[in-house]
Amino acid sequence: MVFKDKLKEKRLESGLTQAELAKKVGVTTRTIQNYELGNRKPANMEVVQRIAEALGTTTEYLLGSSGIYAVEAHEKGGSKAARDIDELVSEVTGMFAGGKLSEEALEGAMKALNDAYWIAKEKNRKYSSKKRRKEVPQD
């Protein structure tokens, strides 16, 4: 089950409408609608945390580890970084879908790829133009 499905499931279990959840979280009703339709994902962990608290669940349940990596990537490097991480995680998960790895080992592989992605981004930054480096957010 993916974020949009878990969000809707927990919202319905809580007996909340999309508008009520949006008010509790501090976002628009349209934002919740977009999350449940799968058109958007939260851009930062703060929003995910507020949703989890409003629904009486955890960020880990709502996002799963792969979703957490994508949201953190969005916070750190924007929507392109989030898409890159999402794609990497999807490929890793697909490679090991046959059940050859334990959940713990799969998580370790995803973390290693996530770390490698950010190391490569940092190393490549020194080879980009000065103008481009100013555009890339620094930590």
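Structure report, in brief. Bear in mind the structure is a predicted one, so any value in this text is a computation, not a measurement.

### Section: the nonpolar core
For step 1, the next point in the chain: Of all hydrophobic cores here, the largest spans 19 residues; its most connected members are Leu7, Leu21, Tyr35, Ile51 and Leu63.
For step 2, the next point in the chain: Considering every element that reaches this core, the biggest residue donor is helix 4 (residues 45-55), with 7 residues.
For step 3, the next point in the chain: Setting aside its immediate chain neighbours within four residues, tyrosine 35 contacts Phe3, Lys4, Leu7, Arg40, Lys41, Pro42, Val47 and Ile51.
For step 4, the next point in the chain: Ranked by size, the runner-up nonpolar core spans 8 residues in total, among them Tyr69, Ala73, Ala81 and Ile85.

### Considerations on helix 2 (residues 18-25)
For step 1, the next point in the chain: For helix 2, the set of buried residues is Leu21, Ala22 and Val25. Projected onto a plane normal to the axis of helix 2, the buried residues spread over an arc of 100° and lie on a single side. Turned more than 90 degrees from where helix 2 packs its buried face, Lys23 and Lys24 sit exposed.
For step 2, the next point in the chain: Residues of helix 2 that are buried in the fold lie against helix 1 (3-14), helix 3 (29-37) and helix 4.

### Concerning the packing of aromatic side chains
For step 1, the next point in the chain: Taken as a whole and assessed by the stated rule, the structure comprises 1 aromatic pair.
For step 2, the next point in the chain: Considering the side-chain rings of phenylalanine 3 and tyrosine 35, the 5.9 Å spacing of their centres and the 70° angle between planes classify their relative orientation as edge-to-face. Within this pair, whereas phenylalanine 3 is found in helix 1, its partner tyrosine 35 is found in helix 3, the two being separated by 32 residues in sequence. Taken as a pair, phenylalanine 3 and tyrosine 35 share a single burial class, namely buried.
For step 3, the next point in the chain: A cation sits over an aromatic face here: lysine 6 above tyrosine 61, 5.0 Å from the ring centre.
For step 4, the next point in the chain: Looking at lysine 10, its charged tip hangs above the ring of tyrosine 61, at a distance of 5.2 Å from the centre.

So, how was this worked out
- Residues numbered from 1 in each chain as written.
- Predicted model: local features only at pLDDT ≥ 70, side-chain atom pairs only at ≥ 80, totals over all residues.
- Heavy atoms only, no water.
- Core = buried A, V, L, I, M, F, W, Y, C linked by side-chain atoms within 4.5 Å.
- Buried < 20%, exposed > 50% of the residue type's maximum accessible area, 1.4 Å probe, protein only.
- Helix = DSSP H or I, 4+ residues; strand = E, 2+ residues; numbered from the N terminus.
- Contact = heavy atoms within 4.5 Å.
- Arc of directions from axis to C-beta.
- Phe/Tyr/Trp six-rings, centres within 6.5 Å; stacked < 30°, edge-to-face > 60°.
- Lys NZ or Arg CZ within 6 Å of the ring centre and 35° of its normal.

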